[in-house]
There are 2 protein chains.
Amino acid sequence: MTAAKRVRLDPEVRREQLLQLGVEMLATRTLDELSIDLLSEEAGISRGLLFHYFKNKQEFHRAVVQRAAANLIERTEPDRALDPMPRLMLSLEHYIDYVIANYRGYIALVRGAASGDAALREIFDQTRDALTLRITAHLAAFGARDTPAVRLLARGWLAMAEEVVLAWVPDPHISKEELLRILAAALPALLATSHG
Amino acid sequence: MTAAKRVRLDPEVRREQLLQLGVEMLATRTLDELSIDLLSEEAGISRGLLFHYFKNKQEFHRAVVQRAAANLIERTEPDRALDPMPRLMLSLEHYIDYVIANYRGYIALVRGAASGDAALREIFDQTRDALTLRITAHLAAFGARDTPAVRLLARGWLAMAEEVVLAWVPDPHISKEELLRILAAALPALLATSHG
């Protein structure tokens, strides 16, 4: 380690850097593989100093997962300047790109490798709630009223998109364009069933 | 314990009884709560004797989950004597009834409380694969060809049904009839998007 790397940083800035590093490391690892030892090695600082920023491994994992969830929500933010269908397609494309870039960490989160921890489960549930609320906020664009059935369908569409993209990434039998098209078409098709 | 209860049973029959008891106990418990101590107490036999039937807690859990998954597949078996839509609705109704009756254990399984164990994850994945294959086997009835896009949509519909039913059971803002109707209508609506 060079002296240049050992520059003293503001603790908030340092914690933020470590968190960002944790999120990057999680992209290609499961939570179990994201140990304090590995973070310490990658960050080039001692375990002791790490515990100055994160009380323990659990707190570090929670902070990393919270940040990863916030990133996902931010990157898939719909662009209100676009018409409903292109808006949905662009948001979906960002979601697919996110899952491709963060596959291992994301599959571990969604499939619940971390779910022994109630605080982590809470983060996943809140993320799904936030995404469901966002979809319902855009539903008027698809001519759907905000009813309990529509909310259930919006939540179901999210679970469907998650499952389909996770199955597609390692085994892409259709093009990304077709994947985008069927997932985007699925939302208005599902919403239309609530009128019946 | 009475002498009458201590009748010597064929080991296969006894193991089967314990397994069935485990499945019943799981209905209202998470896997973590399904301990060998509790099974021993409920079955009225010693821990030592239990380990004669199941090598350890992990093997017991795997056997119980495997059996619960087999029960789910069996109870939701489509009735080929029915037309496509009533066939789908009846199968779905059996699924909803199963989730209502086994809510705590089922949510723990699906949401992955047990997923630290790769063998358990394997059982969930195989169950989902089996259900997806069964849907694709019935797709012709809905006028859909068996294509990669259709398989992805069938898998996605399953994930959707799972999520929607799990969200509905504790918080039923719509009637069971409406739930059934929107989930059943969702499958052909989704499949239709694969033609586009």
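All of these numbers come straight from a predicted model, not from anything done at the bench.

What follows deals with the overall build of chain A. On a plain count of helices and strands, chain A comes out with 9 helices and 0 strands. Listing the helices and strands of chain A from first to last along the sequence gives α-α-α-α-α-α-α-α-α. Principal-axis analysis of the C-alpha atoms gives chain A an extent of 65 × 35 × 35 Å. Within the span of chain A, comprising 196 residues, buried residues form 51% of the whole. Summarising the internal contacts of chain A: among those between residues at least 6 apart in sequence, 69% fall at separations of at least 24. Placing the 24 positive and 26 negative side-chain charges of chain A at their respective mean positions leaves the two points 4 Å apart.

Scored by pLDDT, chain A has a mean of 88; 92% of the residues are at 70 or more. For chain A, per-element mean pLDDT is lowest for helix α6 (residues 103-110) of chain A, which scores 79, and highest for helix α5 (residues 84-101) of chain A, which scores 95.

Counting across every chain of the model gives 6 aromatic pairs over all chains. One aromatic cluster is present, formed by Tyr95(A), Tyr98(A) and Tyr106(A) through successive ring pairs.

As a further point, take the interface of chain A and chain B. Facing 33 residues of chain A, the contacting portion of chain B comprises 33 residues. Together chain A and chain B conceal approximately 2700 Å² of surface at their shared face, both sides included; 67% is due to carbon and sulfur atoms. Between Arg155(A) and Glu163(B) there is a salt bridge, and its shortest N-O distance comes to 2.9 Å. Where chain A touches chain B, the interface holds 6 residue pairs in polar contact (both at pLDDT 80 or more). Every element with two or more residues in the side of chain A that touches chain B is listed here: α7 (118-138), α8 (148-168) and α9 (176-193) of chain A. Here the side of chain A that touches chain B gets 13 residues from one element, more than from any other, and that element is α8(A).

With that out of the way, let us pick up the pattern of salt bridges. Using the criterion set out here, one finds 24 salt bridges over all chains in the structure. Close ionic contact of Glu59(A) with Arg15(A) constitutes a salt bridge, the shortest N to O distance being 3.7 Å. Taken together, the residues Glu59(A) in helix α4 (residues 57-75) and Arg15(A) in helix α1 (residues 11-26) connect sequence positions 44 residues apart. Relative accessible area serves as the criterion here: at 31%, Arg15(A) is assigned to the partly exposed category. For Arg128(A), the salt bridge goes to Glu162(A), with nearest N and O atoms at 2.4 Å. Residue Arg128(A) is located in helix α7, and its partner Glu162(A) is located in helix α8; the two are separated by 34 residues in the primary sequence. The class for Glu162(A) is buried, based on a relative accessible area of 16%. Sharing partners across several salt bridges, the network here consists of Arg128(A), Asp129(A), Arg155(A), Glu162(A) and Glu163(B).

Counting 80 residues, the largest nonpolar core has Trp157(A), Leu179(A), Trp157(B) and Leu179(B) as its most contacted members. For Leu179(A), the contacting residues outside a window of four places in its chain are Ile96(A), Val164(A), Val165(A), Trp168(A), Ile174(A) and Leu152(B).

The next thing to look at is the UniProt feature "domain: HTH tetR-type" (unreviewed entry) in chain A. As annotated in UniProt, the feature "domain: HTH tetR-type" (unreviewed entry) corresponds to residues 12-72 of chain A in the numbering used here. In residues 12-72 of chain A, helix accounts for 75% and strand for 0%; the two terminal C-alpha atoms are 22 Å from one another.

Definitions and limits used
Counting restarts for each chain: residues are numbered from 1 in the order of the written sequence. Written order decides the labels, with chains lettered from A and ligands numbered from 1. Note on the predicted model: pLDDT of at least 70 is required for a residue's local features to be given, and 80 or more for side-chain atom pairs to be given and counted; whole-chain, interface and lining totals, by contrast, use all residues. Note: side-chain values were computed over all heavy atoms of the structure, leaving out hydrogens and water. The helix count covers DSSP runs of H or I at least four residues long, the strand count covers runs of E at least two residues long, and both are numbered beginning at the N terminus. Note on classification: 1.4 Å probe, protein chains only; a residue is buried when its accessible area is under 20% of the maximum for its type, exposed when over 50%, partly exposed between these limits. Contact definition: two residues touch when any of their heavy atoms are within 4.5 Å. Within this scheme the basic residues Lys and Arg register as positive and the acidic residues Asp and Glu register as negative, but His and the chain ends are omitted. By convention, the charge on Lys lies at NZ, on Arg at CZ, on Asp at CG and on Glu at CD. Here pLDDT means the predictor's own confidence in every residue, given as a number from 0 to 100. The pairing test for Phe, Tyr and Trp rings, Trp by its six-membered ring, is centres within 6.5 Å, and the orientation test on the planes gives stacked under 30 degrees, edge-to-face over 60, and tilted for anything in between. Buried area is calculated as the accessible area (1.4 Å probe) missing from two parts once they are joined, with the contributions of both summed. Salt bridges, as used here, are contacts in which a Lys or Arg side-chain nitrogen is within 4 Å of a carboxyl oxygen on Asp or Glu. Here a polar contact means two N or O atoms within 3.5 Å. Within protein one must be a hydrogen donor candidate and the other an acceptor candidate, and residues neighboring in sequence count only if both atoms are side-chain atoms. Buried Ala, Val, Leu, Ile, Met, Phe, Trp, Tyr and Cys residues that are joined via side-chain atoms within 4.5 Å together make up what is termed a nonpolar core. UniProt positions are given in the numbering used here, feature names are shortened, and annotations may be inferred rather than shown by experiment.

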